[in-house]
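Examination of the molecular architecture
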Amino acid sequence: QVQLAESGGGSVQAGGSLRLSCVASGGIFRPDIMGWHRQAPGKQRELVASKPIFGDATYADSVKGRFTFSRDIAKDTVYLQMDMMKPEDTAVYYCAAVIGSNWSIWGQGTQVTVSS
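The model shown is predicted, which means the values in this text are computed figures rather than measured ones. In this convention, every chain numbers its residues from 1, walking through the sequence in written order. Local features in this predicted model are restricted to residues of pLDDT 70 or higher, and side-chain atom pairs are both shown and tallied only at a pLDDT of 80 or more, whereas totals for entire chains, interfaces and linings draw on every residue. Water and hydrogen atoms play no part in the side-chain values, which are based on all heavy atoms of the structure.

A look at the nonpolar core
- Membership of the largest hydrophobic core comes to 28 residues, with the highest contact counts inside it found for Leu4, Phe29, Trp36, Leu80, Met82, Tyr93 and Val112.
- Helix and strand definitions here come from DSSP, where helices need a minimum of 4 consecutive H or I residues and strands a minimum of 2 consecutive E residues; each element is numbered from the N-terminal end. Of all the elements in the fold, those that place two or more residues in this core are β3 (18-25), β4 (33-39), β5 (46-52), β7 (67-72), β8 (77-82), β9 (91-99) and β11 (110-115).
- Contact partners of tyrosine 93, with chain neighbours within four places excluded, come to Glu6, Leu20, His37, Arg38, Val48, Phe67, Leu80, Met82, Gly109, Thr110 and Val112. In this description, a nonpolar core means a group of buried Ala, Val, Leu, Ile, Met, Phe, Trp, Tyr and Cys residues linked to one another through side-chain atoms lying within 4.5 Å. The rule is simple: take the accessible area with a 1.4 Å probe, protein chains only, and divide by the maximum for that residue type; under 20% is buried, over 50% is exposed, in between is partly exposed. Residue contacts are defined here by distance: any two heavy atoms, one from each residue, within 4.5 Å place the two residues in contact.

Here we look at the sheet that holds β8
- At least two DSSP bridges between two strands are required for those strands to pair. Strand order in the open sheet formed by four strands is β1-β3-β8-β7, with antiparallel pairing between adjacent strands. Of all the strands in the sheet, just β1 (3-7) and β7 have a single pairing partner and so form its edges. Along the sheet, successive strands turn relative to each other by an average axial angle of 15°, direction set aside.
- The pairing of β3 with β8 spans six bridges and is classified as antiparallel. Bridging across to β8, arginine 19 finds its partner in glutamine 81. Helix axes use the C-alpha atoms of the stretch in contact, all axes being lines fitted to C-alpha atoms, and the angles between their N-to-C directions lie in the range 0 to 180 degrees.

Here you go:
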């Protein structure tokens, strides 16, 4: 069964950058859509960025112009480049895959903390 594993989280000061990675392993992986979600303490999980296998990435308004989603199909890896980070970006970040019509495969999450 395919598993997703995130890495690259950590602590950064406001205005700084981090790059998250998510690697798929455990089998043939052909998701319809890949995405990055985040969940801050006391808040609902939100979709930050996503990209269909064919098509452009889309972003939440809160990160547009600051975050960039990219994908290396050959390595079964997706990335989230986060620049000009803000304290409100603090959250656990999850990568996930749509197989069919649902976000059906999730990583374990990686903590991102942005200090002011």
